[in-house]
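Structure at a glance
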Amino acid sequence: NKIKESLSKTRNSLVNKLEGIFKLSVKIDDDILEELEEALITADIGVKATEDLIQKLKDKVKANKIKDADELKSALKEEMVNLFPKSNIGFSTPAIILIVGVNGVGKTTTIGKLAYKYKSEGKKVIIAAADTFRAAAVEQLVVWGQRAGVEVIRQMEGSDPASVLFDAIRAGKARHVDVIICDTAGRLHTKKNLMEELKKLYRVAEKEYPEAVKISYLVLDATTGQNAISQAKIFKDAVNVNGIILTKLDGTAKGGVALAIAAELGIPVCYMGTGESIEDFAEFDPKEFVDAIIS
Ligand code: GDP
């Protein structure tokens, strides 16, 4: 199974940390839960998610629902799945999807993958290249557009991002497009400007296409571990983030960060990137994820 394979580094690191605990043949008590707590904290799952999980497990031990290591393992997996807020990736069309995130996290790649996915589902898609600051990014986006078989609306380097979205909306309406996927800038060192720019894109979307559903997905790079959480907090303050797309899960042992995201941000993880090619992309299923990282 491909998901399992791409999460192998995360799984191996968790196996190393948890194996000793899951092999114990004694009655589960607070000392063992403390050991588990330490192991989880070092596994990029983060303090908040770990504390939530341990509390749930303590309650179950108290209620005599966890007696041995096997039951501890199943209860841990069950509570991990429960940590994830319900993802709702269905939406009505027309829709405008803003893709936000810091440069380098895999935004361009993700837009290509998402466009391809929607297109495979029979939707008519266009991409708005509204990160006008990075000429190379626009070129990359055009390449991804070709791969996905989706048109990319672009303007000259340095033009107003809102004006690119305006063009894309006009084209989208004229061609009865279902989904407009809009790239956005990701220069976090000019945080204030960046957030103003995102807000302006929202305003244009609202004003020019009121009947379209507006969705925003934040792209986070799993290899950055806890750093991804701080990025998410910054974006969450500025825009209404509907879902997270977690990339590069294939190359990292830090996949546990998905649980930290769930516990600390309360935003659903909707999709995950599992490689560099257009099909290395999947809907995020909490149960499948947990089964893949703890086997
Ligand atoms: P952007 O700067 O956020 O637009 O990032 P890009 O889309 O250009 O991606 C940056 C790098 O990450 C590229 O080398 C991509 O091939 C790589 N990348 C993106 N998503 C994934 C993924 O899910 N897995 C792996 N292994 N690499 C990825």
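Residues numbered from 1 in each chain as written. Predicted model: local features only at pLDDT ≥ 70, side-chain atom pairs only at ≥ 80, totals over all residues. Heavy atoms only, no water.

Under the annotation held in an unreviewed UniProt entry, the chain carries the name Signal recognition particle receptor FtsY and is attributed to Thermovenabulum gondwanense. Recorded in UniProt under Sequence similarities (unreviewed entry), the annotation for the chain is "Belongs to the GTP-binding SRP family. FtsY subfamily." A UniProt comment under Catalytic activity (unreviewed entry) is attached to the chain, and it reads "GTP + H2O = GDP + phosphate + H(+)". (UniProt positions renumbered as here; feature names shortened; annotations may be inferred.)

Topic: helix H4 (residues 47–62)
Taking 1.5 Å of rise per residue, the 16 residues of H4 would be expected to cover 22 Å, and the 22 Å separating its terminal C-alpha atoms lies within 8% of that figure. Three or more residues of H4 are buried, namely Ala49, Thr50, Leu53, Ile54, Leu57, Lys60 and Val61. Down the axis of H4, the buried side of the element spans an arc of 125°, and every buried residue falls inside it. On its buried side, H4 packs onto helix H3 (30–41), helix H5 (69–83) and helix H11 (257–265). Two residues or fewer past H4, asparagine 64 is found with a positive phi of approximately 65°. (Helix = DSSP H or I, 4+ residues; strand = E, 2+ residues; numbered from the N terminus. Expected span 1.5 Å × (residues − 1). Buried < 20%, exposed > 50% of the residue type's maximum accessible area, 1.4 Å probe, protein only. Arc of directions from axis to C-beta. Contact = heavy atoms within 4.5 Å.)

A few points about the sheet that holds strand S1 (residues 95–100)
Taken in spatial order, the eight strands of this open sheet run S3-S2-S4-S1-S5-S6-S7-S8, and their pairing is mixed. Only two strands of the sheet have a single partner each, and these edge strands are strand S3 (151–153) and strand S8 (281–283). With direction set aside, neighbouring strand axes in the sheet form an average angle of 25°. Pairing between S1 and strand S5 (residues 213–221): six bridges, direction parallel. Note that in S5 the partner of isoleucine 96 across the bridge is lysine 214. Most of the contacts of helix H10 (residues 226–238) go to S5, to which it runs at about 155°, and overall it touches S1 and S5. (Pairing = 2+ DSSP bridges. Axes fitted to C-alpha atoms, helices over the stretch in contact; angles between N-to-C directions.)

Side note on the UniProt feature "domain: SRP54-type proteins GTP-binding" (unreviewed entry) in the chain
Per the UniProt record, "domain: SRP54-type proteins GTP-binding" (unreviewed entry) is found at residues 268–281. Counting secondary structure, residues 268–281 comes out at 0% helix and 43% strand; the distance between its end C-alpha atoms is 16 Å.

Section: unusual backbone geometry
Cis peptide bonds are those with omega within 30 degrees of zero, and the linkage from threonine 93 to proline 94 qualifies with 0°. In this structure, proline 94 sits in the loop between H5 and S1. Residues other than glycine seldom take positive phi values, yet histidine 176 does so here, at roughly 50°. Mapped onto the secondary structure, histidine 176 falls in the loop between helix H8 (161–174) and strand S4 (179–183).

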